[in-house]
Structures are given as structure tokens and as C-alpha cells.
Amino acid sequence: MSSTVLDYTKEIPVIEGLPTAAALDETIVKPINDFPQRRWFIGLAITGTMLMIGVVSLSWLLWKGVGVWGINQPVAWGFDVVNFVFWVGIGHAGTLISAILFLLRQKWRTGIARFAEAMTLFAVLCAVQFVIFHTGRPWLAMAWLFPYPNQHGVWVNFTSPLEWDVFAVNTYFIVSAVFWYLGLIPDFATLRDRATTTIKKVTFSILSLGWRFSNRHWQHYERAYLIMAGFATPLVLSVHTIVSFDFAVSIIPGWHTTIFPPYFVAGAIFSGFAMVQNVLIITRKAFKFEHLITMDTIEKMNKIILVTGTIVGYAYIMEFFIAWYSGNATELFVFVNRAFGPYWWAYWTMMTCNLFTPQLFWSKRIRTSLLASFILAIFVNIGMWFERFVIIVTSLHRDFLPSSWGMFVPTMWDFGMLIGSFGLFFTLVLLFVKFLPAIAMAEIKAVIPGAQPTHHGNGASH
Amino acid sequence: MEKKLYSITAIYSYPNDIIRAAKTVRDAGYKKFDVHTPYPIHGLDGAMGLKETKLGFVTLAAAIVGAAGMISFASWVAVVDYPQVIGGKPYWSWPAFVPVTYEIAVLLAVLGTVGAMIAFFFKFPNISHPLHDTPYMKKVSADKFGVSIQADDEQFDEKKVRELLKSAGGEVEAVYYSEEFLTFKPQTFDPKFIVLLAGIALATSAGGYLYFNKVLYLPPFDWMMMQPKVNPQTMSEFYADGFGMRLPVAGTVARGFIPYPYALGAKADSVGKFLVNPLLPTKTTLDLGKKKYFTYCSPCHGNFGNGDSRMNGQFPNPPTLHSDKVRTWPDGAIFHTITVGQNVMPSYQYQISREERWAIVNYIRTLQRAYNAKESDLQ
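Residues numbered from 1 in each chain as written. Chains lettered and ligands numbered in written order. Predicted model: local features only at pLDDT ≥ 70, side-chain atom pairs only at ≥ 80, totals over all residues. Heavy atoms only, no water.

### Re the overall build of chain A
Quick reminder of the rule: Here a helix means four or more residues in a row that DSSP labels H or I, a strand means two or more in a row labelled E, and each is numbered from the N terminus. Only C-alpha atoms enter the radius of gyration, while the globule expectation follows 2.2 Å times N to the 0.38, with N the number of residues. Buried means the residue's accessible area, taken with a 1.4 Å probe over protein chains only, is under 20% of the maximum for its type, while exposed means over 50%, and partly exposed covers the values in between. Whether two residues are in contact is decided by their heavy atoms: any pair within 4.5 Å suffices. Only the protein chains shown count as cover for residues, with accessible areas throughout obtained via the Shrake-Rupley method and a probe of 1.4 Å. Positive charges come from Lys and Arg, negative ones from Asp and Glu, while His and the chain ends are left out of the count. A charged residue contributes its charge at one atom only: NZ of Lys, CZ of Arg, CG of Asp or CD of Glu.
Each helix and strand counted, chain A has 17 helices and zero strands in total. For 462 residues, the compact-globule estimate of 2.2 N^0.38 gives 23 Å, and the C-alpha radius of gyration of chain A, at 23 Å, lies within 12% of that figure. Dimensions along the principal axes, computed over C-alpha positions, put chain A at roughly 75 × 65 × 50 Å. Looking at chain A as a whole, 58% of its 462 residues are labelled buried. By sequence separation, contacts in chain A at least 24 residues apart represent 80% of the contacts at least 6 residues apart. With an accessible surface of roughly 19,000 Å², chain A has 71% of that area assigned to carbon and sulfur atoms. Across chain A, the mean location of the 30 positive side-chain charges is 8 Å away from that of the 23 negative side-chain charges.

Set out below in C-alpha cells:
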């Protein structure tokens, strides 16, 4: 047993040491003003190559059609939908950190919020490309996805979960983008005043919209931030709920389950936090943000990964229990087949990476080890990708009728698109950390010790 | 260019100082002043005497508009404009509209709040404020806290203001501006702007035209025209006879087909005895009969069956349908004549269905009775 007793009456400082606000600006702006390091270019070369693999796969897909993928009846949803759900899930951490943790007054979120929000946007972009391209003729997708008056006199079906998904994902993307931009406005103004070149000065002047740090503005700004956090909180929960409806509202055994919405939301937070953890650890190291993104933050992230991972594991087991308890032979067969059928390896990869390995975070030593956090977060990402594969492919490949049983074998173009989506995501992340402040300057300045008045009851109304 | 005084500013280093300075300025009775801080400071709103923001009302209004608008739109589509039975549910399945309604309410609430705040509360974008690009702004955007009292305040007096700010412990500095720079407003009808708009319009139209009319028809977008199948009325290299379309198997009978047993030579009145009119002379059948009579019969027989038609002279005139012969014929005889034809009249069995033929018979009976009305009919 550890002999140190934690004093819970004291608040752990969000950032380590006692940096001044000016020193903070200096640290955060450094990557933007400096010429990028060589390892940044090496990283960009790798992610750019991955992105190009995606571009080639995409071009071939557009030329030949979705037949180049491994999908066919009965597994008509393959890597496309697996990747979509995977990336949308990744995109849940950002808004969770910036909205839910804001409402819960979790100050440790400050260092990672900007970062996580940016990752949300990039992940949703990666997700959207798969749904658009899996429609087959994406240049017509607008007509199928959005209700607009057209000469065919046809409207979309508002009672379809797929249509709800269109609204949910688009709303989520727009709201996340607005939220992100709103947070960036004061930082753009700081960058404008610290600009070293005319191009930067003009760009940041326009992007900051003319922000002048007026308290008459901060007053509305803070309220707007609160309102947006209030709206984004149920929104972030609604998005993956609606994604789960894509499956749960159908009658396929293995999909038709009421546990799906909370299970999907927990899974999304789980995978999102793991991805944030991965990117965070690298950025923290590369840009020397150790005192801004503290070990305490990483430990708290690990705790959330542990909690959500256990919720997801509970859902896996509960699905099995209900399959047996319902007495429905088809349902039971699908679940037994999931664990011991032809795709058993996918199922056990999922179970290992999502339920078993995160349990190591019960140990404080592992929870506070950078290397362990990084590796276990990668495991979570692998596991969550396989979770979607298991849900989608194993449910489809054994239908009610043995005559419509089949197997799904991905082609190289399936993998090309998957690699390409990772390339897109990490390329955008690299560009983001180079060109925009990766940590919210105005927010982190407000939480350093001594940033707030000590006697603010003194006559000021509250 | 003449420089004018915009405001007197003072810089403070600690949050406590700025709160005290804000209170001092407010208590001295200044109205047009502002406090600039690199991040929001707790208690400053109260110190400055600011009223609660009204932004929440904008959010509420936008959310209500979004929710009401979306559920009305979805209902209108599902019930009025494009009703579809989906899964056997009623047209107005409102619980299924809840997700989209919710999403649009959130979307409008957020866009409305942020849009209203930026455009109306902040009057942004505005990148030519006198405070921009001043040493004062560079300090408050980094780590200092500043107060600025504007020169257009009612009780502004440069000396007094300087003393007041100094007494609160700040570094005082004046901010000047040139009127010309600030009053510059881009003109709507500026030729450059018009050219820009015209350019955008042209580029959009040209781009739209090219995209929708040209690009979308380049390969691989062949709109499924190229398919490994035989289109109707085309050649086929696959079949020996070269026809793309195939004949049905010998003896195939079309669905609902009933063979007609009497040939052209059969006498109408004798055959007619064996055929019974299945239709009653109701309004529906008479309307149908009238429509088909006008389409197929009236060109020769005339609108009222007198045999005086607009084709008069080009063909031998058909006899009147009001003769005793036709009036005493059984219904089946007229049906037979329409079906197989008679003299120059061709068969109409392929143009007019069985039911329609009987409806025409009913209509002809009506015409005959109208032309030869009895006394009792007139009462």
C-alpha cells in the first residue's frame, strides 16, 4: 500500500510550476512562429503517403464503383460503415471534453480541450467521406441525403434512422466547428498582436474578426460558451445514439437491441479518449508542453478510459446474457457464432483490447506511465475498430436463412481507404499543431495560479 | 492626417488592481469606458456595473423557430406533399420526427446565438477600431489588464481622467486615431465591388453549368447507360436470329386474357344472342362509354351516332345507329361488331378493352333512347 495520503481538500493545479501568462503565450506560440522541426516534416511525409494511398483507392473506387470493395450480399455493409462508425466515435471525445467537462467544472480539461475539439472535426470529416462514398454515386448523394425542393417532387424519409444520421452528423460537425472557432477567436487576436510577418498579421486579423478583449464582449462571450456547452452536451450524446439507431431500428439479430444507444455512446467516448490520449502524448513530448498537459491530466484521461471500457465490456456481456435469456434461438445462435464462428478472432481481439487490457489502469503505476498509457490507448483503438467490425460483419454474415449466409473478405481497396482515412486525420492534426495554437491560450491563462482576483466578493455583485 | 484623441488608457498588472480600477471609474460616473483583459476575470462585470447579457433570449427564440419549423416541415412532407406508407405506420408518425427536429433546434440555437453575438452584440467583423494595433492592445492581449475611458464620454476631461487612472495605480497612455481611416466605409456601388460580384456570379454560373451539364456526363459518370443487358428494340449478337427481344413461349397466355370465340364471318344478330352485357348502365359505365365512344367511334359514326361525321366524304359513310335494325339488335351484336368489325369498319379489339366495349354499347343504347324518346321518358 502506498503511504502517501491524498489531500482531497486541495485542488491540484491544472498546470505545473508557476509560469507567467507571457511565458505561456511564448510556449504555445513557439511552434507556430518557428520553422517546423525536421521530425514534423518526417511525420508529414508519412501521413501524406498514407493520404495518397487513400486518394488512389478513392479514385479507383469512383472509376469502378463500390464493387471494388469486398462488400456483397449478404454483407452489404463492410469497411465503409465500420470506418464511419469508428471515426464518428473518435469524434466524440472533443465535444465531451469541451462541453460536458466544462459544465462539470473540470478545469484539467483546459490544456487538452482545443486539441480534442480539432480532433473531433478531423475525425468527423474522415467519417463523412465513408458514408458519402458508400452511396455508390456520391455526386448524386446530395439528392438522397438532404431534403431540398426538386423537380422530381420527391422528399427524403424523415422517419428513417439513416436520415436522422444525416441530420445528426451534419449538425454535430457544424456545431463542433462553431464551438472550436468561438474558442479560437481570442487566441487569433493574441496571435495577431504577436505576428511576426505581414501575412500572419493579415490572416489573424481577419480570423480574429477584430476581437479586442473588451470585458463588454467577454460578458456575452462567456454566456455564449456556456449556452453552447449546454447544447453540445445532449448533442454529443444524441449523435452516437442515432448512429446506433441505424442498427438497432432494423430487425437483424445482433443489431436489434435496446442496449445499443448507451453502449455506443460509451464506446464512442472510450475510443475518442484513447485517440486523444495517443495524439496528446506525442504532441506533449514534441512541443515540450509537459507543464501544460500534466501527468495528472493523462491519469484522469486513463480513468475515463477505464470507466467507459468497463461499461462497454458490461454491454458485451449483457448482450450475451439477453440473447440466452430471451429464449430466441436465432439471437442466441448469432451471439454464439460471434464468439466461436468464422470471425472468432475479431471478437476476441475486441474483447481483449476493450475489456481486458484497460483493466490494467486500475494500477496507479500503469495509469501514470506514459509508455503504458500510449500502448494501451492504441490497443483501445484497435479494439474499438474491431468492435464495429464484429457488430456489422458478424451480424450480417449469418442471417435468418442459411441460404443467405456468406462471408466478407476485404479487398486491398478496403484497406487503402482505411489507411487513407488515417492519413487524412493525422495530416490534418499535424497541420493543426503547426498553424494554430494547440492549447487554448485565453483559457489556460485564466487557470494559472493568481489569475483571478482574490477578493472578488468585495462589493462586486455575483 | 489629423490625429484625434480616442481614449485615455491605463495598464494594470494584477487582477485585483483591475477590479479596483473598474470600480473607481464606474463610481466616478463615466459611462463610455471599457476594460480589456486577456481572459475573462470573475467579478469584473459587477465592478463595471454591466447588466446581465440578453443573449439567452436569442438562443431561446432560435431554438423554438428551429424546432417548430422542422417538425412542421417534416409533417408537411409526410402528410401533404409526399405521403408514403412506411412500415405500415400512419403518415403523421411524429415520434419519428423527433430526432431531426431536435438536431435542427440545436443547430439553429447555436448558429443563432453565435451569429447574433458576433454580428449584433459585438458588431463584428470590425478590424479597424482605434484600439487595434496599439501598444495598449498588445499588452492586454498578452498578460496585462487595461482600462480605457473614451474621449466622447459626457464628463470627459483629459486631465481629470489621467489623474483618476493614475490614482488607481496604472500606467496611463493616450490612444489617438485618424478620422479618415475610421470613417472609411466600402461603398456598395463601388465599381471594383460590382466587378467582383459579377465575377463571382459568372464563375458560379459557369461552374454550375459545366458541372451539371458537362462534368457529370464525362466518364466514368455514364449514368448507368452502359450496362451488360439488351435494351428493347435493339439487335443482339447473342441470339442466332439477331433479335434482342424474345417471343414468349408457344401457347403463353397473357394474364387476364379471355379468347373471343366468334370470327368475322359470324352474323352479328345471331352471335349477339350468346353474349350478355355484364355492365349496368350506371353513371360510371356511361361516362367511360362516352369517353371511349368519342375517342374511337365518333370520327366516323358522328358525335350522336347519326353517321354524319367530320370524316364525311373521305370514307363511305357508316349507316346511322338509330335505325330499327341496330335498335332491335341485342347488346351482344353491337359488341361483336366492335370486336371483329364489319364491311369497311376494322376490328377494335386491340384498341378497346372488353369492359370498355360493353361500356360503349351502354352509351349507344343511351343515344338511341334519347333520339327515340317515348312520351313516358319526357315526364
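### With respect to the environment of B:K292
All names here are of chain B. Turning to its location among the elements, K292 is positioned in helix 10 (residues 283-301). For the pair K292 and S270, spaced 22 residues apart in sequence, the C-alpha separation works out to 26 Å. What K292 contacts, discounting residues up to four positions off in sequence, is C297, E356 and I360.

### Notes on the interface of chain B and chain A
So the rule is basically this: Accessible area that two parts lose when put together, evaluated with a 1.4 Å probe and summed over both, is termed the buried area. Just to be clear on terms, a salt bridge is a Lys or Arg side-chain nitrogen sitting within 4 Å of an Asp or Glu carboxyl oxygen. Here a polar contact is recorded for every N or O atom pair within 3.5 Å, except that within protein the pair must consist of a potential hydrogen donor and a potential acceptor, and residues adjacent in sequence are included only if both atoms are side-chain atoms.
Taken together, the contacts link 76 residues of chain B with 68 residues of chain A. When chain B packs against chain A, close to 6,500 Å² is buried across both sides, 68% of that on carbon and sulfur atoms. Viewed at the interface, chain A and chain B are joined by three salt bridges. Where B:D34 meets A:R216, a salt bridge forms, and the shortest distance between an N and an O atom there is 3.9 Å. Where chain B packs against chain A, one counts 24 residue pairs in polar contact (both at pLDDT 80 or more).

### Some thoughts on the sheet that holds strand 1 (residues 3-12) of chain B
Residues and elements named next belong to chain B. Our working definition: Any two strands between which DSSP finds at least two bridges are classified as paired. To get an axis, a line is fitted to the C-alpha atoms, and for a helix only the part in contact is used. The angle between two axes follows their N-to-C directions and goes from 0 to 180 degrees.
Read across the open sheet, the four strands follow the order 2-3-1-4; overall the sheet is antiparallel. Strand pairing shows two members of the sheet lacking a second neighbour, strand 2 (33-36) and strand 4 (171-178), which therefore form its edges. On average, each strand axis in the sheet is tilted by 25 degrees relative to the strand beside it, whichever way the strands run. Where strand 1 and strand 3 (residues 145-150) come together, six bridges link them in antiparallel fashion. Among the inter-strand pairings, S7 is bridged to a residue of strand 3, identified as Q150.

### Digging into the nonpolar core
Selection criterion: To qualify as a nonpolar core, a set must consist of buried Ala, Val, Leu, Ile, Met, Phe, Trp, Tyr and Cys residues joined through side-chain atoms within 4.5 Å.
Formed by 199 residues in total, the largest nonpolar core has its most connected members in A:W87, A:F425 and B:I149. The dominant element in this core, judged by the number of residues it contributes, is helix 7 (residues 161-193) of chain A, at 15 residues. Counting residues in hydrophobic clusters, the runner-up holds 22 residues, among them B:C297, B:W358, B:A359 and B:V361.

### What about the confidence of the model for chain A?
Test applied: Known as pLDDT, the predictor's per-residue confidence is scaled from 0 to 100.
Across chain A, pLDDT averages 90, with 95% of residues at or above 70. Every residue in residues 456-462 of chain A scores below 50 in pLDDT, and together they form nine contacts with partners more than four places removed in sequence or on other chains.

### Examining the environment of A:L101
Residue and element names in this part refer to chain A. Relative to the helices and strands, L101 resides in helix 4 (residues 92-103). Looking at L101, the relative accessible area reads 8%, which means it is buried. C-alpha of L101 to C-alpha of F425: the two residues are 324 residues apart in sequence and 24 Å apart in space. With near-sequence residues (within four places) excluded, L101 lies in contact with L96, Q106, W108 and R109.

### So, the packing of aromatic side chains
Selection criterion: The aromatic pairing rule takes the rings of Phe, Tyr and Trp, using the six-membered ring of Trp, and pairs them if the centres are within 6.5 Å, calling planes under 30 degrees apart stacked, those over 60 edge-to-face and the rest tilted. By definition, being over a ring means that NZ of Lys or CZ of Arg is both within 6 Å of the ring centre and within 35 degrees of the ring normal.
Counted under the stated rule, the structure contains 70 aromatic pairs over all chains. Ring geometry for A:Y343 versus A:F389: centroids 5.7 Å apart, planes at 80 degrees, classification edge-to-face. Placement of the pair is A:Y343 in the loop between helix 12 (329-340) and helix 13 (344-356) and A:F389 in helix 15 (residues 370-397), with a sequence separation of 46 residues. Here A:F389 falls in the buried class, since its relative accessible area comes to 4%. In this structure an aromatic cluster arises from ring pairing among A:F102, A:F179, A:W211, A:F213, A:W218, A:Y221, A:Y225, B:F122 and B:F124. For A:K434, the ring lying beneath its charged end belongs to A:F435, and the centroid distance is 5.0 Å.

### Here's the deal with the side chain of B:N277
Residue and element names in this part refer to chain B. Along the chain, N277 turns up in the loop between helix 9 (268-272) and helix 10. Taking the relative accessible area as the measure of exposure, N277 reaches 16% and is therefore buried. Separated by 3.1 Å, the side chains of N277 and D331 make a polar contact. Apart from the residues within four sequence positions on either side, N277 is in contact with D331, W358, V361 and N362.

### Notes on the packing of helix 4 of chain A against helix 7 of chain A
Residues and elements named next belong to chain A. For clarity, the threshold we go by: Each angle is binned into one of four classes, with values under 35 degrees roughly parallel, values over 145 roughly antiparallel, values of 65 to 115 roughly perpendicular, and all other values oblique. Handedness of a crossing follows from how the near helix is turned relative to the far one, being left-handed for an anticlockwise turn of less than a right angle and right-handed for a clockwise one. For this classification, the nonpolar set comprises Ala, Val, Leu, Ile, Met, Phe, Trp, Tyr, Cys and Pro, the charged set comprises Asp, Glu, Lys and Arg, and every other residue, Gly included, is treated as polar.
Where helix 4 meets helix 7, the closest approach of the two axes is 11 Å, and the angle between their N-to-C directions is 50 degrees. With respect to their mutual orientation, helix 4 and helix 7 come out oblique. Along this stretch, helix 4 crosses helix 7, giving a crossing that reads as left-handed. On helix 7, the residues touching H92, T95, S98 and A99 of helix 4 are Y172, S176 and F179. Per-class residue counts for the contact of helix 4 with helix 7 are three nonpolar, four polar and no charged.

### Structural notes on unusual backbone geometry
With an omega dihedral of 0 degrees, the bond running from A:Q73 to A:P74 counts as a cis peptide bond. Position of A:P74 relative to the elements: it lies in the loop between helix 2 (38-64) and helix 3 (79-90). Cis geometry is adopted by the peptide bond preceding B:P125, which originates at B:F124 and carries an omega value of -5 degrees. Mapped onto the elements of the fold, B:P125 is located in the loop between helix 4 (98-121) and helix 5 (135-140). You will see that A:F213, though not glycine, has its phi angle at about 60 degrees, which is positive. Mapping A:F213 onto the fold places it in the loop between helix 8 (198-207) and helix 9 (215-248).

### Structural notes on the domain arrangement of chain B
Put simply, the rule is: Segment limits for the domains were obtained from an automatic or database-derived domain assignment.
Entries for chain B in the domain assignment read domain 1 (1-185) and domain 2 (268-372). Here the C-alpha centre of domain 2 of chain B lies 84 Å away from the C-alpha centre of domain 1 of chain B.

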